[in-house]
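If you want the building blocks of each chain, they are given just below.
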Amino acid sequence: MRIVIQRVATAKVEVQGRVVGQIDRGVLALVGVGHGDTISEAKWLAEKTSQLRIFPDDEGKMNRSLLDIGGSVLAVSQFTLLGDCRKGRRPAFTDAAAPEIANQIYQSYNECLRATGVRVEEGIFAADMQVSLVNDGPVTLILDRTSS
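As a starting point, this report considers the structure included with it. (Residues numbered from 1 in each chain as written. Predicted model: local features only at pLDDT ≥ 70, side-chain atom pairs only at ≥ 80, totals over all residues. Heavy atoms only, no water.)

A closer look at the pairing of strand β6 (residues 72-77)
Under the convention used in this document: Buried, partly exposed and exposed residues are distinguished by accessible area as a fraction of the type maximum, computed with a 1.4 Å probe on protein chains only: under 20%, between the cut-offs, and over 50%, respectively. Numbering of helices and strands starts at the N terminus; helices are DSSP runs of H or I of at least 4 residues and strands are runs of E of at least 2. In this description, strands pair whenever DSSP reports at least two bridges between them. Orient the strands so they point away from the viewer, and a crossover whose first-strand-to-second-strand path over the helix runs clockwise is right-handed.
Counting buried positions along β6 gives 6 out of 6 residues, so the element sits mostly inside the fold. Burial along β6 is two-sided: Ser72, Leu74 and Val76 and Val73, Ala75 and Ser77, pointing in opposite directions, are all buried. Here β6 pairs with strand β7 (residues 119-122) via 4 bridges, running parallel. By the bridge assignment for β7, Val73 is matched with Val120. You can see the chain leave β6, run along helix α3 (residues 99-115) and come back into β7, and the turn it takes is right-handed.

This is the structure:
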């Protein structure tokens, strides 16, 4: 699994002009699921997302987590994170999991996040989405976890 997390002041996702998920302070998580990824990876990444200290404390140091600040997550599935651009001019997506499996693992990630106490909003799996955000910092990190 590969997740790009961005610390945000606000973020929202729209499908066909309708807002389907929206948060204030927290994290936009773009979630890509690869072949062989399981609920184990989803759980590990959910715990990492909720506990990662990327929010400033009173001294301005990144020392607080989503749990510490009461922040939310807007999770958006994004198979293109698994795109391979090493050859040619068009990305290959052969590393991305099949949609039915990817959706299961994406939903597991969201449920595992909720189990940590974080409020989670979602995009719509496999929909054409428009994502808007105010990147705070900016702070953008990549979390990877592969099955072993």
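On we go.
Description of the packing of aromatic side chains
Inclusion rule: We call Phe, Tyr and Trp rings a pair once their centres come within 6.5 Å, taking the six-membered ring for Trp, and we label the pair stacked below 30 degrees between planes, edge-to-face above 60, and tilted otherwise.
This structure, assessed with the given rule, holds 2 aromatic pairs. Centroid distance Tyr106 to Phe125: 6.1 Å. Interplanar angle 35°. Geometry classified as tilted. Of the two residues, Tyr106 is situated in helix α3 and Phe125 in the loop between β7 and β8 (129-144); the sequence distance between them amounts to 19 residues. Accessibility expressed as a relative area gives 1% for Tyr106, which makes it buried.

Nothing here speaks to function; it is all geometry.
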